[in-house]
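Close look at the chain arrangement
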Amino acid sequence: MESYLKENFEVEPKNPTEEALKKWRSAVWLVKNPRRRFRMVADLAKRAAAEKKRRKIQEKIRIALYVQKAALQFIDAANRTEQKLSEEVVQAGYDIEPDDLAYIVRSHNNKTYEFHGGLQGLARKIKVSLRDGVLSSDITKRQQIFGFNRFVEKAPRALWMFVWDALQDLTLIILMVCAVISVGVGIATEGWPKGMYDGLGIILCIALVVVVTAVSDYKQSLQFKDLDKEKKNIIIQVTRDGSRKKVSIYDLVVGDIVHLSIGDQVPADGIFIDGYSLSIDESSLSGESEPVNIDKKRPFLLSGTKVQDGSGKMLVTSVGMKTEWGRLMVTLSEGGDDETPLQVKLNGVATIIGKIGLAFAILTFLVLTARFIFMKLLRDEMGVWYMSDGLELLNYFAIAVTILVVAVPEGLPLAVTLSLAFAMKKLMNDRALVRHLSACETMGSATCICTDKTGTLTTNHMVVTRLWAAGENKDIKTKEKLKSSISEKVLTVLLQSVFLNTNSEIVKDESGKQNIIGSPTETALLEFGLLFQSNYTAESKNLKIIKIEPFNSVKKKMSVLVALPGGKLRAFCKGASEIILNLCDKVLTEDGEVVELSDKQRKAITDVINGFACEALRTICLAFQDIEAGSSSDNIPETNYTIIAVVGIKDPVRPGVKEAVKTCLDAGIIVRMVTGDNINTAKAIARECGILTPDGLAIEGPVFREKSVDQLKDIIPRLQVMARSLPLDKHRLVTILRNEFKDVVAVTGDGTNDAPALHEADIGLAMGIAGTEVAKENADVVIMDDNFKTIVYVARWGRSVYINIQKFVQFQLTVNVVALMTNFVSACTSGTAPLTAVQLLWVNMIMDTLGALALATEPPHDGLMQRPPIGRDVNFITKIMWRNIVGQSVYQLVILGLLQFDGKRLLQINGPDSTAILNTLIFNTFVFCQVFNEVNSRDMEKINVLRGIFDSWVFMLVMICTVTFQIIIVELLGTFASTVPLSWDLWIASVLLGSVSLPVGALLKCIPVDSSTSQGAGKQHDGYEPLPRGPDMA
């Protein structure tokens, strides 16, 4: 079975090939209900059509941006006339039509832009202040006139549509036809109402199956819709009512002042107000990979594009479906998401079992028919046929079709969807947003996590705790003492460096309180600066910022060029201490004089940096350079700086991280820290978290880059910390771990440059708070609270999903084997099937929809993180599962066989209705065997299957409903279900015989089974072998 599954039903978790997707689709066979089975599977034809449509739109946008724009320059603006305003716009108080406003940016037409008075003119026409932004009281009016920032989406499917989908099951349709014929023939032969009971029973049972299935599917669809909405929600920084605020992208309106920085998605069409070195990637819209520089001459910003570099502010001019991105977004969801490897694999399992089931169904029908004909031959009645004979044959056919209903496990692939939907919903509560379904599964196999330091292992709440300036360490415990220890000259330059060379802003909220908006490092520096001066602004000091080079993870520095009073220029630079120190050849003395930096001073400063780093502090170096007046170049210098100060910033380790790292190590997951920080800082934090061990290795990015792949193969098994790394180092490490060591790698990232590593990794984990939109788009999971503990929750749920599906498969295969063999053997020996069509439909619901609900939604337990990861290429149906399936099936078949062939004697069942009582007892015992086997399936290895049973309320609810409805079927619905009420003795016998499944299961678990297979680069596990424990194995 496994070789067949690997050959035909194997797809990659991320970016599977079109060939693999087509291959498994062509291998699937005997699908009862394609509409339901493939509801959560990508529609390749739709996807191809959507891709074609998307490319057409992109080509139109490209032509509009790069070709049509040139032609529009020849249109004389003087020939344009103001379009007459609609009454609605006039009453709202605006001076421009929404379509005209949208056209300006969409067409990139400078002439039209100037015709409307440029930026100031447009701001006047849409009644907005470029300083204070939109008034909150105007939001509703603006949404009514200019529209909402939402895209047209497919209307959610109503419940009746899921009912209709459930009714498309071919076997159920055949059964309904049989039931209708049965009602007609039954009434003709047995009269009203007795003749209709059998057929009506089937119809009622089908109705119950359809309703339960449809409700379950409908609830799943609502969960996915909520998650999908959350995935598309982006938090935007805007200026409203004169203060900086964070709003949802859905709440953005025309007139909003939006603040943009590296990695942000442009949330709507708009006009550039001001900014520095703003570079936009328009490839998502136009397909052109060349970045576009935005400035006053080229001020048009398009929704859906990404900020590649720089920062700026924009005025929103059109939102939602009035943007090109809005039209493009409609095509993005067409065709659905890729199916997960487990969904594909279980389609394969369903195909194999379906073929076996079909063979048994045909054999059962042939055997029953042959016996019926043989009996007619013996009675010499072949020439005489009655209506009752036709009804008997129809009943045989219905039983065969019902066997097929039970045999084809349509619910197997859908159980994966159910389990994933449940896990994704729970993970949302645990602050993890799963963007791709397959990530939930893959995380259960993760063998290595490459994590950032700042914000993930640490709190990201930074405070300046140490300062070196003017040649000595300063005491910063008290403001007064610090202020008195620094000369006025040094302090002036220090504060200029802090307040001018920053991409953060000091803003006031509605209550007038000062807030700092920006990265935690910048916030810490500004808070330090505010100790000395609470209202520092460039304008107040007659300083003008000319050029900014924003921080990036490659250069590890940020620079700014400032015009001083008197025409002089001054450049400020700050960043990674070693890098900035290497750019300096001078130092600021205690009295504010600039002197040459001697080798002795350089070594002393290096010792200060290392001393701060060994205290687990992030070190930042500040430097400046004066440029003579009259310099024609506005380029920021790269060398010859004067060092001002070195600051040490404390970023404490998050509570619970050390325990979370230990949990990972217990679970066989190696944790590696990959950070841009100083190596001493990284080592100190790694030791505190429990990542760096005495025999572990910590190296720097430049050293890592120099090593060949063969050299790295020797180093990587011991590698625990990589410091001063670039995003490309992270990408290379992930690639080697995956390709050379066959590891399943999870990697965290927050910056735009982390996107390649997030895309390359098996599971990309983007940070929800510190992460850019580019990083989130390339990730599989967004960690909403940036906390390493949340990553461990994702791993737990990943393992839980995989093992829950295995438990369900084990349970379903056991029911399949027993139901098929019982009816087939009985048909061969006695010419009757003890389980009728109605009873089999009820059993199908127990093992399909209800079984999936009970077992596929079990919450994870701590024991899951005390096992090794699930290997890449292990068998899905393990030897442990086969042991349990075969053992339980043998027990149930022996019990049901004894009841079938010797039950009347053993239980002393006498009287005219003894056969009906015995058949009811067999049905009841069979159902209770499944009920207790379902409890047994909660743990495939441990004897104590009752642990945590009351924590899983879904499981308990399914158990209660199953038992309650079984009592109703036997005691009250006998007319339709072909059952008779049972005595107390027989009820107790049924329950006791079913409950023996528990001790049988316990005995089976004592039989040793080898659960590991040796494949690939190293030993792989199926998730059941306990990890070695004890000091020798620590």
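Residues numbered from 1 in each chain as written. Predicted model: local features only at pLDDT ≥ 70, side-chain atom pairs only at ≥ 80, totals over all residues. Heavy atoms only, no water.

This part covers the overall build of the protein chain. Secondary structure summary: the protein chain contains 38 helices and 28 strands in total. Evaluated residue by residue, the protein chain yields a buried proportion of 56% over its 1034 residues. Of all intrachain contacts in the protein chain linking residues separated by at least 6 positions in sequence, the fraction that spans at least 24 positions is 73%. Carbon and sulfur atoms make up 58% of the accessible area of the protein chain, which amounts to about 43400 Å² in all. (Helix = DSSP H or I, 4+ residues; strand = E, 2+ residues; numbered from the N terminus. Buried < 20%, exposed > 50% of the residue type's maximum accessible area, 1.4 Å probe, protein only. Contact = heavy atoms within 4.5 Å. Areas by Shrake-Rupley, 256 points an atom, 1.4 Å probe, with all protein chains shown as cover.)

Their axes nearest at 9 Å, the elements helix 24 (residues 657-666) and helix 31 (residues 788-830) cross at an angle of 30 degrees. With respect to helix 31, the axis of helix 24 lies roughly parallel. Helix-helix and strand crossings are classified by hand; for helix 24 and helix 31 the assignment is left-handed. Across the interface between the two elements, Val657, Ala660, Val661, Thr663 and Cys664 from helix 24 touch Phe788, Lys789 and Val792 from helix 31. Of the residues in the contact of helix 24 with helix 31, the class split is six nonpolar, one polar and one charged. (Axes fitted to C-alpha atoms, helices over the stretch in contact; angles between N-to-C directions. Parallel < 35°, antiparallel > 145°, perpendicular 65-115°, else oblique. Left-handed = near helix turned anticlockwise from the far one by under 90°. Nonpolar A, V, L, I, M, F, W, Y, C, P; charged D, E, K, R; others polar.)

Looking now at a nonpolar patch on the surface. A grouping of Trp882, Val886, Val890, Val894, Leu898, Leu906 and Leu907 is seen on the molecular surface, where their side chains present a nonpolar patch of about 600 Å² in accessible area. Residue position: Leu906 is located in helix 33 (residues 879-907). (Patch = residues over 30% accessible without salt bridge, like charges linked within 9 Å, V, L, I, M, F, W, Y side chains within 5 Å. Salt bridge = Lys/Arg side-chain N within 4 Å of Asp/Glu carboxyl O.)

Spanning 12 residues, helix 37 (residues 984-995) covers 16 Å between terminal C-alpha atoms, matching the ideal 16 Å at 1.5 Å per step. Among the residues of helix 37, those classed as buried are Leu986, Trp987, Ala989, Ser990, Gly994 and Ser995. For helix 37, the elements touching its buried residues are helix 33, helix 34 (914-936), helix 35 (953-971) and helix 38 (997-1004). (Expected span 1.5 Å × (residues − 1).)

As a further point, take the sheet that holds strand 25 (residues 763-767). Strand pairing in a sheet is mediated by backbone hydrogen bonds. Such pairs are either parallel or antiparallel. Spatially, the eight strands line up as an open sheet ordered 8-26-25-24-9-21-23-22, and their pairing is mixed. Each edge of the open sheet carries a strand with a single partner, namely strand 8 (432-434) and strand 22 (697-700). Here the average twist between neighbouring strands, direction ignored, is 20 degrees. In the sheet, strand 9 (residues 448-451) pairs with strand 24 (residues 745-749) via three bridges, with the strands oriented parallel. Residue pairing in the sheet places Cys450 in a bridge with Val747 of strand 24. Each of strand 9, strand 21 (670-674), strand 23 (719-723) and strand 24 touches helix 28 (residues 727-739); the most contacted strand, strand 24, lies at about 170 degrees to it. (Pairing = 2+ DSSP bridges.)

Now for the pairing of strand 1 (residues 235-240). Bridging between strand 1 and strand 2 (residues 243-248) involves six bridges; their strand directions are antiparallel. Within the sheet, the bridge partner assigned to Ile236 lies in strand 2 and is Val247. Once strand 1 ends, the chain turns through two residues before running back antiparallel as strand 2, passing Asp241 with a positive phi of about 55 degrees. Here strand 1 pairs with strand 3 (residues 257-260) via three bridges, running antiparallel. Among the inter-strand pairings, Val238 is bridged to a residue of strand 3, identified as Val258.

With four of five residues buried, strand 21 lies mostly within the body of the structure. Pairing geometry for strand 9 and strand 21, over four bridges, is parallel. The residue of strand 21 that forms the bridge with Cys450 is Arg672. Pairing between strand 21 and strand 23: two bridges, direction parallel. Looking across to strand 23, one finds that Val674 is bridged to Met722.

Moving on to the pattern of salt bridges. The final tally for this structure, using the stated rule, is 31 salt bridges. One salt bridge in this structure joins Lys489 and Glu593, with 3.2 Å as the shortest N-O distance. Of this pair, Lys489 sits in helix 20 (residues 488-500) while Glu593 sits in the loop between strand 17 (584-588) and strand 18 (594-596), placing them 104 residues apart in sequence. Residue classification places Lys489 among the partly exposed residues on the basis of a relative accessible area of 49%. Between Lys574 and Glu522 there is a salt bridge whose closest N-O contact spans 2.5 Å. With a gap of 52 residues between them, Lys574 in strand 16 (residues 569-576) and Glu522 in helix 21 (residues 520-530) connect regions that are remote in the sequence. You can call Glu522 buried: its relative accessible area is 6%.

Per the counting criterion, the structure on display carries eight aromatic pairs. Centre to centre, the rings of Tyr802 and Phe876 are 5.6 Å apart; their planes meet at 80 degrees, and the pair counts as edge-to-face. Here Tyr802, found in helix 31, pairs with Phe876, found in the loop between helix 32 (837-855) and helix 33; they are 74 residues apart in sequence, far enough to count as distant. Here the two residues Tyr802 and Phe876 agree in accessibility, since each one is buried. Between Arg732 and the ring centre of Phe704, over which it is positioned, the NZ or CZ distance is 5.5 Å. (Phe/Tyr/Trp six-rings, centres within 6.5 Å; stacked < 30°, edge-to-face > 60°. Lys NZ or Arg CZ within 6 Å of the ring centre and 35° of its normal.)

Looking now at the environment of Asp217. Relative to the assigned elements, Asp217 resides in helix 12 (residues 197-232). Sequence separation between Asp217 and Leu159 is 58 residues, and the spatial gap between their C-alpha atoms is 8.9 Å.

A few words on the side chain of Ser303. By the secondary structure assignment, Ser303 is in the loop between strand 6 (300-301) and strand 7 (306-318). Judged by relative accessible area, which is 2%, Ser303 ranks as buried. The residues touching Ser303, leaving out its near neighbours within four places in the chain, are Val266, Pro267, Ala268, Asp269, Leu285, Thr323 and Trp325.

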